[in-house]
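# Survey of secondary and tertiary structure
The primary structure of each chain is shown beneath.
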Amino acid sequence: MAKYTKRKDGRFYTQVNTGKYDDAGKAIRIPVYAHSSRELERKVSEIKTDLGRGTYANDKGKTFGVYAQEWYRAYKKGNVSDSTASDYLNILKNHLNLLNDLRLKDITKTDVQTQINAAKSQEIKRRIALTVKQILECAIDDGYLYRNPARSIKIPTVQHKERRPLTSAEKAAIKKCQFTPMEAAFVNISFGCGLRRGETLALMKNDIDFNTHQIYVRHSVSFVNSIPVIKEPKTKGSIRSVDAPEWLTEALKPYCEELDGLYLFHGQSGAIISLSTYRRMWKRILTKINSALGGNDNLILTDITPHIFRHNYATMLYQAGVDVKEAQRLLGHSSIRITLEIYTHLSEAAQNTREKINRIAL
């Protein structure tokens, strides 16, 4: 029977020697509390069994929610990009409500799966699974758990829409649209240079050389909690100059000359565009293109995104015979492998089309 002390609060108390020592050479003992001597004996027996198996862990009463915030501050905030940190914080704040009040030691695989199932989109389900796995792995390293109940959870796969260029009908519709000067600048740069959305939105007047027809990509903007944050582009390869078509620089010149501020895309104050202002602008662009295609509020005929403009640009480079290495530079890819994958995809798509056409017979 374990030696115990009865405390003034009525609880029984003892310590279990772990057989380990701290850095000062002091024996590490586990405090055990119970409301009866029998309960104390049971707890002591369980701890000794776990110590013998190497499965003992003490969550010290921490809930998942409390530990998740500690994990975020230690490993994500300030250690990853602002946009990535914001994505993690969104999961912690809005998508872990079924786990937050559970003690770490009490979380089961079923609890984690139930939380994942509660999400509506596949992308959020995927992010929940990834985030919870990371948190619980850290809890093991910190000694709060001996196993990760989420380790065998399968991370949902997200079926991304197939990359595609603009259709001939969409290109024709864009030419018909009566865009505002700022809307036209965004559409034309996206079409003519294939920049990433953040790269386009961060452009300033002095990033455009009207004599050499070059657009210099020096910055990018991301939205953290809806607030625009200007930073260097995605990778070192993203810092680049892009050869702009002459029609594009000619179209941009009067727009830039009339700008009062520095940024091509801005709010009423002239400061860099906010997320809400950008979304309203993009919605107007989509509405105008859809209308030019013959659609209306009840008939949506296009699902264009800024990335479709970028893929269309890559397609044009491929069809124009631009070398893959030069295409990598123009697109700002960090690795030529990314560019090769796009070129290979386009080549295979063209081959499949030729094969289908060759099978057509009278």
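One structure accompanies this document, and this report is about it. All residue numbers refer to positions counted from 1 along the written sequence of the respective chain. For a predicted model such as this one, the threshold for reporting local features is a pLDDT of at least 70, and the threshold for listing and counting side-chain atom pairs is 80 or more; totals across whole chains, interfaces and linings nevertheless cover every residue. Here the side-chain values reflect all heavy atoms present in the structure, with hydrogen atoms and water set aside.

### Comments concerning the layout of surface pockets
The cut-off we apply is this: Grid points spaced at 1 Å over the protein atoms alone were grouped into cavities, where a 1.4 Å probe fits but cannot get out, and pockets, open sets with protein on both sides within 12 Å along at least five of seven lines, with lining residues defined by an atom within 4 Å of a point. Grid points are joined across faces, edges and corners, and a volume is the space filled by probe spheres set on the points. Here a strand is any run of E in DSSP of at least two residues, a helix any run of H or I of at least four, and the numbering for each starts at the N terminus.
As a volume, the second largest pocket reaches approximately 710 Å³. If you go around the second largest pocket, you meet 25 residues; those closest to its centre are Tyr56, Ala57, Asn58, Arg103 and Lys105. The dominant element in the lining of the second largest pocket, judged by the number of residues it contributes, is helix α1 (residues 37-53), at five residues.

### Examining the nonpolar core
So the rule is basically this: Buried Ala, Val, Leu, Ile, Met, Phe, Trp, Tyr and Cys residues form a nonpolar core when they are joined through side-chain atoms within 4.5 Å. Burial status follows relative accessibility: with a 1.4 Å probe on protein chains alone, a residue under 20% of its type maximum counts as buried, one over 50% as exposed, and anything between as partly exposed.
Ranked by size, the top nonpolar core spans 53 residues in total, and within it Ile215, Leu264 and Phe265 carry the most contacts. No other element matches helix α7 (residues 181-193), which puts seven residues into this core. Counting residues in each nonpolar core, the second largest holds 29 residues, with Tyr72, Leu104, Ile128 and Cys138 among its members.

### Considering the side chain of glutamate 183
Operational definition: What qualifies as a polar contact is a pair of N or O atoms within 3.5 Å, subject to a donor-acceptor requirement within protein and to the restriction that residues adjacent in sequence count only when both atoms come from side chains. Contacts: residue pairs with any heavy atoms within 4.5 Å of one another.
Residue position: glutamate 183 is located in helix α7. With a relative accessible area of 0%, glutamate 183 lands in the buried category. Of the polar contacts made by the side chain of glutamate 183, one reaches the side chain of lysine 288; its length is 2.7 Å. Look past the residues within four positions of glutamate 183 in its chain and what remains in contact with it is Met281, Arg284, Ile285 and Lys288.

### Examining the environment of isoleucine 342
Residue placement: isoleucine 342 occurs in helix α13 (residues 336-358). We classify isoleucine 342 as buried; its relative accessible area is 8%. Separated by 337 residues in sequence, isoleucine 342 and threonine 5 have C-alpha atoms that sit 71 Å apart. Apart from the residues lying within four places of it in its own chain, the contact partners of isoleucine 342 are Arg163, His311, Ala314 and His333.

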